[in-house]
Amino acid sequence: MPSLLGLHRFNEADPGAAEEALLACCGSHRWALRLTAHRPYPDIESLLAAASEASYDLRPADLAEALADESWMPQPLLGMRAPGSQAAHTALRAAHAAYEARYGHVFVVCLDGLAPEEMLDTVLTSVRTRLANEPDEERLVAAEELRRIALTRLEHLVGA
């Protein structure tokens, strides 16, 4: 659970340090600068609301910058030791490659609240489903997933 102590530290941080910390939540400099400039936040809910609003206001170039900052790591595969996990790993790599070839950026999906054993199927199903999206539609979906990921990271940032 985020704490007020963490929020106080964030509010009091040097602007450069605050921006750097925010860039770890979302790779858009415009997003990070906007949140830094509007400090101090009276409470965590206000910070999260401002972050969400800033996410909705990302221009296409800002979204491209944030997506370029994301790198896919095989986290959903951690702990997979069941038979067939190599086949699932291969299928996931192929799906990611197809996604990147189609849309020109990495696949992002928020996995908050999922049990580790559900992550592989969720990611594989999601990437396969989203491959059917038109590019403009997928940009909206990716932006929403990135917003959710950024909010989760921001909650961790202000947590003590």
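Structure shown above.
Read on for a plain summary of the structure.

Parameters at a glance
Residues numbered from 1 in each chain as written. Predicted model: local features only at pLDDT ≥ 70, side-chain atom pairs only at ≥ 80, totals over all residues. Heavy atoms only, no water. Helix = DSSP H or I, 4+ residues; strand = E, 2+ residues; numbered from the N terminus. Buried < 20%, exposed > 50% of the residue type's maximum accessible area, 1.4 Å probe, protein only. Areas by Shrake-Rupley, 256 points an atom, 1.4 Å probe, with all protein chains shown as cover. Salt bridge = Lys/Arg side-chain N within 4 Å of Asp/Glu carboxyl O. Expected span 1.5 Å × (residues − 1). Axes fitted to C-alpha atoms, helices over the stretch in contact; angles between N-to-C directions. Left-handed = near helix turned anticlockwise from the far one by under 90°. Contact = heavy atoms within 4.5 Å. Nonpolar A, V, L, I, M, F, W, Y, C, P; charged D, E, K, R; others polar. Parallel < 35°, antiparallel > 145°, perpendicular 65-115°, else oblique.

Moving on, we get to the overall build of the chain. Across its full length, the chain holds eight helices and zero strands. For the chain, the succession of helices and strands along the chain, N to C, is α-α-α-α-α-α-α-α. Looking at the chain as a whole, 44% of its 160 residues are labelled buried. Accessible surface, the chain: about 8,800 Å² in total, of which carbon and sulfur atoms supply 57%.

On to the pattern of salt bridges, then. As enumerated under the stated definition, the model contains nine salt bridges in all. The partner of D62 in a salt bridge is R59, with the nearest N and O atoms 3.2 Å apart. R59 gets classed as partly exposed once you look at its relative accessible area, which sits at 46%. Because the salt bridges share partners, they merge into one network encompassing R30, R59 and D62.

All right, on to helix α7 (residues 116-130) then. Across its 15 residues, α7 extends 21 Å between first and last C-alpha, which sits within 8% of the 21 Å expected from 1.5 Å per residue. Of all the positions in α7, only M119, L120, V123, L124, S126, V127 and R130 are classed as buried.

What follows covers the packing of helix α3 (residues 29-37) against helix α4 (residues 44-56). One can describe the packing of α3 onto α4 by two numbers: an axis separation of 10 Å at closest approach and a directional angle of 145°. Judged by the sense of rotation from one axis to the other, the crossing of α3 with α4 is right-handed. Here W31, R34 and L35 of α3 lie close against α4, whose contacting residues are L47, A50, A51, E53, A54 and S55. In terms of residue class, the contact of α3 with α4 is built from six nonpolar, one polar and two charged.

Turning our eyes to something else, we now look at the packing of α4 against helix α8 (residues 135-157). Two numbers describe how α4 lies on α8: the axes approach to 10 Å, and their chain directions differ by 155°. Classified by the angle their axes make, α4 and α8 are roughly antiparallel. Crossing hand, α4 versus α8: right-handed. Within the contact between the two elements, α4 uses L47, L48, A51, S52, S55 and Y56 and α8 uses E144, R147, L151, L154 and E155. Within the contact of α4 with α8, the residues separate by chemical class into six nonpolar, two polar and three charged.

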